[in-house]
Every structure is written in structure tokens, then in C-alpha cells.
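Next come the chains, spelled out residue by residue.
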Amino acid sequence: MNLQSRAITWVWGLLVLITIGTGWLAPAAHTNHLAQASLPITVLVLALALIKSRLIIRYFMEVRNAPRWLGLATDGWLAALFGAVLVIYLV
Amino acid sequence: MPGDINMWVMVLGDMIIFAGYFVIFMIYRSMNRQEFLLAQQHLNIAIGVTNTVILLTSSWVVALAVQAVRAGEFEKSTRLVLAGGAGGIAFMVLKGYEWASKIAAGHTNSEMFYSFYYVITGVHLLHVLIGLIVLGVVVRELRNPAKRRPAMVETGATYWHMVDLLWVIIFALFYVMR
Amino acid sequence: MSVITPEQVSPTATDGGKRDVWWMTWFFPAWYAVFGVIICLLTRVTPPPRPDVTAAGKVEFFAQHHLTIQIGFTLLLILLGGAAMTNGLVAYQMKRMSVGSAFAYGYLGGMSVGAIPGFLLVTVCFLTAAFRPDRNPELTSLLYDLGMLSYNGSLGCFSVAYLVLAIAILYDRNEIFPKWFAYISIWQIVTEVIATQMFVFDSGPFAWNGSISFWLAVVVFSVWLGALIVLLRRAAAAESADAPALD
């Protein structure tokens, strides 16, 4: 396995770990009582989703090794989307 | 640049369109917080997590397939792409089961949260289907000694990773956040 | 027969191309511009009036726009054929692709079928409603709904045409249209599949005036149409003026 493949595999492991971890935070994971809105949980979930998304973009889609404009465009997209989601949630 | 520019136009444009859907979803969510929260609780988190892991794994093997084709390991690359496709099929089957059980439990379009849920996961499912066709074309070209080239696998992989990326966000917005 | 000779009146075709193709290539955006004026400014069907109003509200809509609806839609009835001509131009370019003519005919057929619910039905319904302003409001309400649902909801009819266009472009070795346009055509299919929801909701994001069913779809359509107009011009210029005629 070459260096790139190893990095990709580590990223995959991290992504799966985060996913299973956050699953536990979901409203549907606790059906014994009524779910409550939670700012800290949502902020954490969004932050983790942002990290997962950026990992997929940079390592799986190889934007890390792509021309700079592509990295800027995808980072811009992430910032705009997650920024908008957070702002709408907070308002 | 991994893959060809035409696919990147597709991927970036698709990401922008989905971002539009997500923002509109969030706006309606913020107008109906309690209703959405209660509706979310009826989602099947086990399937949600499983499907996310399936797509992440499928993306992983497709990324490895790109590494393999660059090293000239065409057989290995083909097997990895097929594995990725199998993940896609598994995802679709689970999603179908999930929808069926939700509808049977009475959660239909008439609830606003679910109207968004079915439309957005439905459009995503359409993308998975298209992705399976793309991966199929990649496999066919890999098997043909005259046509196999890394650029082709890279292009298909870029599309497939986008499908995974969008799902990761759908998972966060619909299943997990509160 | 007196013919306007190409040397006297012709669009500029400095980098090649055939006369008749150039005329049609200029006609395409001209027709769509007129169509845009008709649907947006005269008949007011784009953006659409609301689905969630009472029969009285619908009668009020027809009363308010009575004159411009009649002018706009009678004009459209005459110019209707222009849509078929624009489809013919795209089909011509598709015939120049290496994939063979079947896809071109598929596109032409699909788009033509779509035009009937696409805008002919709303034309007839709205003209009928405007014809007798003192009609029973429930009947006027029906004509309003029928017109709007067919106009906005029939988008699915075009899906197959976009599909064959996308497939043709992806397999075409003559590079008549760039591959990214195939992907934009696929976006069109996606938005049109979503548009089916407007038959279920009379308010909210999936209604025929909703942010997802309508507004987002209009943005995607505008991108598609704008790209197509530019690409048709490019394709016309790239064709050599003395290339053999297609059969």
C-alpha cells in the first residue's frame, strides 16, 4: 500500500468513527424521552459534519493535490453552506 | 487535477444546487422547530448510521481503485470499483426499506419534515443510481485493454465521492442535529 | 422568385457555418426573448400566481390581467411553432454527432410532446377563463388550476428529451457540445422530477410557486437555456460552410 492509500485509509477510519460517535447524539437514538433542541449538540454535530466533509473533499476527491482554485472553491462552498446553516439555526 | 474539468462542473454545480435545498430546508426548519424535532425522532438511526458507513466505505474503496489504476493494477482497480458499486446497491436497498417502513408507520408527505426528507433523500438516491451507472461504465472501460486509463476512473470517482459527501451532510441535517 | 441574396442580408458568419443554420441560431434566443415577455410580463404565469387562494382570488387574477392575458396568449398561439423550430435546431446539431440520428429524433419527439401540456394547455385554459369574466367562479378556479398544474407540472415530459440529449453528448466523439452541458441537462431532469411534488402541495416549498419546485428550478433552467444558446452559436461557427448536407 503506498503513502496515498494509507492516508486514504486513515481518513476512512476517522470518518467511520465520527459517524458512529455522532449517531448516538441523534434525537432518534433516544426514543424513551422527548428530544430537546440543543445548541451545543447541534454546534458539535455541524462542526463534525464540516470536518467530515472537508476530509472527503481533500483526501477522497484529492483536492489537496489539485489546482489551488479548486481548493478555494470547495472551501468557500463549505464555509458558505455551514455558515448559512448555523446562522439560520441560531436566528 | 483529478478527473476531467467537465465532471468538476457537474460536481461543483450539483453541490451548489444541493446547498440551495439544504438552506431552504433549514429555513423551514427554523419556522417549525418543534414539529421537525418530533418528526426526527421517528427516523431509524440505526439505518442512518449504517447507510452512512456503507457510503463512506464505498467511497474509500473507490479512492483506492484510483490508486490502483495509477499503479497499473487494472484487475485490482476493477474489483475495488465493483465493491464500491456493491456498497451503492446496499445503500439503495436499505433506503428503500427505510422509506417503506416510514410510510407504513404513517409518516408521509403530509408532514412537512417528511416531505423534505423524501424529496431530498429521493434526489440523492437518484444521484446514487446515476453513480452506479457511472461506476458501471468505469468497470467496462477498465476491462477493455484499449480503453483503460486513470483519468476515466478518476472522473467516475470524483462523482461517487460527491454522492458520499452530500449524504454525510444529509445525515447531519436530518438525522443528527437538533 | 426574388430571393434575398446572402451577400446583401446575412448574419455574420466569419468563422464558418451555414446560412440556414445561422438564421436559426439567431432565431433561437429571439424566440425565447419574446416567449419570456409573454409569460412574465403579459400573461403573468411566470412567476406563477399562488395556488393557495380562493376561487374569488382566482377570478380577481383573471380580472386584473384580462387584457394582457388575451394579448399575450393569442400572440403565443401564433408563435407556438417557433418552439418546434428551436427544437429542430438542437436536433440538427445532434444529428452532426457521431452517435447517429436516433437520439436527435428522440429529443425532437420528446420536446414536441412536452409542448402540449407545456404551454398550449395553459394558453387555452387562461384564454377560456378570460373569455367570459362572469363565469361561475368554481369553473374559473378549475381553469386556473388546470392551466397552472399543466404548465408547471408537465416539466416531467421534457425529462426524457434531456436524457437522450445528455447521453448523446456523452457518447459523441465529434464534440458538437461540451460534456459539461450533458451534466447540466441531467440537473434539469432532477429539478423536473422534484417538480412532480407540486401536484401534492398547494403551499410551501414544493407547491407550484414554491422555493424548491419553482424558484430553484427556474435558476437551473436559466443556466441550461443560457448555456444552450451560447453552445448553439459555437456549434454553428464550428461547422464548415461547405460541409456536406446531412441526410
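Residues numbered from 1 in each chain as written. Chains lettered and ligands numbered in written order. Predicted model: local features only at pLDDT ≥ 70, side-chain atom pairs only at ≥ 80, totals over all residues.

Undergrad: Would you take a moment to explain the nonpolar core for this structure?
TA: Nonpolar side chains in soluble globular proteins tend to end up buried together. If you look at the biggest cluster of nonpolar residues, it comprises 152 residues, and the most contacted ones within it are Phe 22, Ala 65, Ile 169 and Ala 172 of chain B together with Tyr 107 of chain C. Examining the composition of this core, we find that 18 residues originate from one element, helix H6 (residues 150-176) of chain B, more than from any other. Residues contacting Tyr 107 of chain C, with those up to four places away along its chain left out, are Val 90, Ala 91, Met 94, Ala 161, Val 164 and Leu 165 of chain C. (Core = buried A, V, L, I, M, F, W, Y, C linked by C-beta atoms within 7 Å. Buried ≥ 20, exposed ≤ 12 C-beta atoms within 10 Å, placed from the backbone. Helix = DSSP H or I, 4+ residues; strand = E, 2+ residues; numbered from the N terminus. Contact = placed C-beta atoms within 7 Å.)

Undergrad: Sorry if this is basic, but what is going on with the interface of chain B and chain A here?
TA: Often, the extent of an interface is quoted as the loss of accessible area upon association of its parts. Residue-level contacts link 40 residues of chain B with 44 residues of chain A. If you list the elements that add at least two residues to the side of chain B that touches chain A, you get helix H1 (5-31), helix H2 (33-40), helix H3 (45-70) and H6 of chain B. With 12 residues, the top contributor of residues to the side of chain B that touches chain A is H3 of chain B. Looking at the side of chain B that touches chain A, its residues break down into 25 nonpolar, 12 polar and three charged. (Nonpolar A, V, L, I, M, F, W, Y, C, P; charged D, E, K, R; others polar.)

Undergrad: Explain the packing of helix H4 (residues 74-104) of chain B against helix H5 (residues 112-143) of chain B here, please?
TA: The packing of two helices is summarised by the inter-axis angle and the distance between the axes. Residue and element names in this part refer to chain B. Between H4 and H5, the least distance of the axes is 10 Å, while the angle of their chain directions is 160 degrees. On the basis of their axis angle, the class for H4 and H5 is roughly antiparallel. Handedness of the crossing formed by H4 with H5: left-handed. Between H4, through Phe 74, Ser 77, Thr 78, Val 81, Leu 82, Gly 84, Gly 85, Gly 88, Ile 89, Phe 91, Met 92 and Lys 95, and H5, the contact on the second element is made entirely by Thr 121, Leu 125, Val 128, Gly 131, Leu 132, Leu 135, Gly 136, Val 138, Val 139, Leu 142 and Arg 143. Partitioned by chemical class, the residues of the contact of H4 with H5 number 13 nonpolar, eight polar and two charged. (Axes fitted to C-alpha atoms, helices over the stretch in contact; angles between N-to-C directions. Parallel < 35°, antiparallel > 145°, perpendicular 65-115°, else oblique. Left-handed = near helix turned anticlockwise from the far one by under 90°.)

Undergrad: Help me understand the confidence of the model for chain B, please; the structure alone is not making it clear to me.
TA: Detail in the predicted coordinates should be disregarded across regions flagged by low pLDDT. On average, chain B scores 94 in pLDDT, and the residues at 70 or more come to 100%. Both confidence scores are given for the complex: pTM 0.90, ipTM 0.93. (pLDDT = per-residue confidence, 0-100.)

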